[in-house]
Structures are given as C-alpha cells and as structure tokens.
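Each chain is listed here by its residues.
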Amino acid sequence: MKKYQKIMTLGFTVLSMAVSYGCKNEPKKEKQILLAKRVEPSNKSNKRTVKIALLLDTSNSMDGLINQAKSQLWDIVNEFTRAKCGNETRPELEIALYQYGNDALSYREGYIQQVLNFSSDLDEISEKLFSLTTNGGEEYCGEVIQTSLKQLEWGKDPDNLRMIFIAGNEPFTQGRLHYKDALTNAKEHDVIVNTIFCGNYELGIETQWKKGAQLTGGEYMAIDHNREVVHINTPYDDIIIKLNSRLNKTYISYGARASEYEENQASQDENAMSVGYGVAIKRAVSKSSRLYNNKSWDLVDASADADFELKEMDRKSLPEELKGKSDEEIISYVEEKRKERERIQAEIAELNSKRERYIRENQKENTQGELESAMLKAIKKQAAQKNYTWD
C-alpha cells in the first residue's frame, strides 16, 4: 500500500437538461388521497431525474473522509432541495454507491463492489454509507468508472442529468483498464465524471485526476479530508431534535417489510446523532423536505402519490391501530397524520431558517465542510449550464 492517504467521497448533485432539452415545465397532476396495495417505486417518471454514482475509495487511511462524508451528507441534500428547473419544477434525485480499493473486496472484480443501485431512499443511502469500512488495497479508477457504466441503468432520456463523482488520492492511472477508455465510454453515455483528490491540488494534477475530469467536461477538486467542521450551537437545536421525534410518529408503516423500514428510519437518526448533534439537526431538516419520501412503506406518502389507484388494501399489512377499521376510518386517520406531519415540517423549516441566520451572524470562520464545498461548487456550476436556479 502506498503511503498516500486515500479518500472517499460523497456527493449529491442537481441538474437536468434545459430549454430545447432539459429544464421543461411539467404539467401539474391533480393530487388525490388514495389507499393502495404496497408497490415498489416505479422506474418510470415524468419528472426530470438527476442520477449520481458515487465511487468511493475505502482503502486504508479513509476514516477522516468517511466521517466528513457522513457529517455532510445532509448538507448536500438540503441544498439540493432548493434546486429548481423551469417554472417551479423540482428534479428528482437518485444515488448509486460503489466502493473500490479495499482488500476485503474480490481481486477478480478489481477490488470493486456495488454497494447500492440507484435509489431515492435517503435512509437507505445513509445506511449504506455508514456500513462502509476501510482496508488496504489497490485503487483502479478506470475500472470502477467502467463498472458503474456497465452495471447501472443510466437511461437515455436527454432531459436527465447523469453524473459520477469519484474520490481517491492514488494515481488516477492505476489498473489494467486505462482511465481514458472508461471516460470515453462515459462521454458516449452522456455521463459527466467529476474527480475529487484528497491532498495537494498540484499533486492531484500530476497524478492525472484533473485530466480525468476534463475529458468529460467535469470538475476537478482537491480537499483536506481530515478537516473537521465545528458545530455552532443555536437556540433552536433542541427544539428541532424534539420535533424530529414527533415527526417519526406521523409515519404509518405498511407492507411485508414495514417494520424493517421503520426501524431503519430510527437507526439512521441514531447514526446521524453518533457523528454529531449538528448532523442530527441537519438530517431532521432533510426529513422535512420534498426529497424525503417513503411511499414504499408509509401510507401518508403513498396516499399522496397521483400514480396510485384506489384498491382493496391488504389488511394484514396494516399497523395494529388500523386493523379492523373501515376504509373511511383509515382515510380519516391517514389524513390526520398528514396534517400533523405538514405542521411539524413547516415548524422545522421555520426554525431552521432562524438557525441558519443565527449561524451566519455568529460564525467566526467558514463552517462549510471540504467535501460539501467541493461538491456544491461542481453541482451549481454545471447546473447553471442546464438553466437550473436555486431558491
């Protein structure tokens, strides 16, 4: 193992195509309150979709950046919720996760593993991120890029944006497959590759990380992955955490895996708190946004989906408090929880606005994380080229 420190990254981005193709106005769908049998989310969507594959180096000396990624995940999500395309149209977000450069992975697979296929489930993304561990290994950037291009369903819709963020700090040239071949393939599939080097900016250039980004029109960035972000306490923190607990009680789980999803929601709250109080607050803010949708296991989110049809429900999949109830009673209960959730989410959003203003007025230094700053810089620059704006 070389003595360079390794890196992993995480990033979220926003974009779609614009004008002639890209940011188009979408016709509004009439919302209905529906009860339906649980179904897995459809792969089809009339909305613009941003697809991001995160290729993370999990070899030795990665703990600092892994912690930074965990702590800044929700910052990136919260910024993404403000993205707008066209006339109030909001893009959807799907994230895939790969790890590479870890001796615990298969040599035959090039020390590469798909950790998560494209998903819009923020709890699942958080869970997979927290599952990552580090170990020594060889880092083959070209091969992991090529693997993600082959394995993932990127789609061909020209209105959607497809991006890769790859992080590491070994030479970009390692491996049997030359990185230029992989990047040529990425460009042919309309996938932008952004590179993040952990260490000295000039060293990243010397080891071809900048060249790797330039070949697809992506961004090259260098960060200090060991830098810790200082949390600024505000008068609103404790209130937001308490509101998050109340928010969880508005979920009505259903389906064969209902308890599993519900438990994972609580587990990811605990994971965020384990990284820091500030991270738990930012996650609570994310849970109050449009991107935190759990229609696959929560009746409140499911019943608001215009794609659902009114059907006979599988009573066995309902929680105890709804078993034996009539359709009218179930509808009334779901609507009550919906209104309660909206009140809590609005209160969290209002408190967070005050919290952010308090931080701006009291911070003595830049409180943005290295990873967060790098990712958002790339996101906004490329988004502007696609006619995206930010609230």
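Residues numbered from 1 in each chain as written. Predicted model: local features only at pLDDT ≥ 70, side-chain atom pairs only at ≥ 80, totals over all residues. Heavy atoms only, no water.

Student: If you had to explain helix α1 (residues 63-80) to someone new, which residues and values would you point to?
Tutor: Taking 1.5 Å of rise per residue, 18 residues should cover 26 Å, and α1 covers 25 Å from first to last C-alpha, within 8% of that figure. Along α1, the sharpest change in direction is near 40 degrees and occurs at Gln 72. The buried fraction of α1 is high, at 15 of 18 residues. (Helix = DSSP H or I, 4+ residues; strand = E, 2+ residues; numbered from the N terminus. Expected span 1.5 Å × (residues − 1). Bend = angle between axes of the 7 residues up to and from the residue. Buried < 20%, exposed > 50% of the residue type's maximum accessible area, 1.4 Å probe, protein only.)

Student: Which residues make up helix α8 (residues 258-275), and what are the values?
Tutor: Its 18 residues give α8 an end-to-end C-alpha distance of 26 Å, which sits within 8% of 26 Å, the value for a rise of 1.5 Å per residue. Among all positions in α8, only Ala 258, Tyr 261, Asn 264, Gln 265, Gln 268, Asp 269 and Ala 272 are buried. One face of α8 carries all of its buried residues, which in axial projection span an arc of 145 degrees. What points out from α8, more than 90 degrees from its buried face, is the exposed set Glu 263, Glu 270 and Ser 274. (Arc of directions from axis to C-beta.)

Student: How would you summarise the sheet that holds strand β3 (residues 92-100) if you had to cite specific residues and measurements?
Tutor: Spatial strand order, β4-β3-β1-β5-β6-β7: six strands in an open sheet with mixed pairing. Here the strands that pair on one side only, and so sit at the sheet edges, are β4 (112-119) and β7 (220-223). Adjacent strand axes in the sheet meet at a mean angle of 15 degrees, parallel and antiparallel pairs treated alike. Most of the contacts of helix α2 (residues 122-130) go to β4, to which it runs at about 165 degrees, and overall it touches β3 and β4. (Pairing = 2+ DSSP bridges. Axes fitted to C-alpha atoms, helices over the stretch in contact; angles between N-to-C directions. Contact = heavy atoms within 4.5 Å.)

Student: Lay out the confidence of the model for the protein with the relevant residues and their values.
Tutor: Averaged over every residue, the pLDDT of the protein is 83; the share at 70 or more is 85%. The spread of mean pLDDT over the elements of the protein runs between strand β8 (residues 388-390), the lowest at 78, and helix α7 (residues 237-248), the highest at 98. Of the regions scoring below 50 in pLDDT, residues 1-21 engages in 131 contacts with residues more than four places distant in sequence or in other chains. (pLDDT = per-residue confidence, 0-100.)

Student: Now, about the side chain of Asn 194: what can you tell me, with residues and values included?
Tutor: In this fold, Asn 194 is placed in strand β6 (residues 191-198). With relative accessibility at 0%, the residue Asn 194 sits in the buried group. A polar contact is formed between the side chain of Asn 194 and the backbone nitrogen of Glu 219, at a distance of 2.7 Å. When residues no more than four places from it in sequence are discounted, the contact partners of Asn 194 are Met 163, Ile 164, Phe 165, Ile 166, Gly 218, Glu 219, Met 221, Ala 378 and Gln 382. (Polar contact = N/O pair within 3.5 Å; in protein donor to acceptor, adjacent residues only side chain to side chain.)

Student: Any details on the nonpolar core? Residues and values, ideally.
Tutor: Of all hydrophobic cores here, the largest spans 54 residues; its most connected members are Phe 165 and Ile 196. Per-element accounting of this core gives the leading share, eight residues, to α1. The next biggest cluster of nonpolar side chains, apart from the first, holds 26 residues, and it includes Phe 118, Leu 152, Ala 186 and Phe 197. (Core = buried A, V, L, I, M, F, W, Y, C linked by side-chain atoms within 4.5 Å.)

Student: So, the packing of aromatic side chains: which residues are in play, and what are the values?
Tutor: The way to describe two aromatic rings as a pair is by their centre distance and the angle between their planes. The full count for this structure, using the stated rule, is 10 aromatic pairs. Centroid distance Phe 197 to Trp 209: 6.1 Å. Interplanar angle 55 degrees. Geometry classified as tilted. Taken as a pair, Phe 197 in strand β6 and Trp 209 in helix α6 (residues 209-214) lie far apart in primary sequence, 12 residues in all. Overall, the relative accessible area of 1% leaves Phe 197 in the buried class. (Phe/Tyr/Trp six-rings, centres within 6.5 Å; stacked < 30°, edge-to-face > 60°.)

Student: Tell me about the pairing of strand β1 (residues 49-57), and name the residues and values.
Tutor: Sheet faces and side chains relate simply in a regular strand, where the side chains alternate between the two faces. Judged by how many residues are buried, β1 sits mostly within the fold: nine of nine residues are covered. Burial along β1 is two-sided: the face carrying Thr 49, Lys 51, Ala 53, Leu 55 and Asp 57 and the face carrying Val 50, Ile 52, Leu 54 and Leu 56 are both buried. With nine bridges connecting them, β1 and β3 associate as parallel partners. What sits directly across from Asp 57, in β3, is Tyr 100. Bridge analysis of β1 against strand β5 (residues 161-168) gives seven bridges, and the strand direction is parallel. Paired with Val 50 across the two strands is Leu 161, which belongs to β5.

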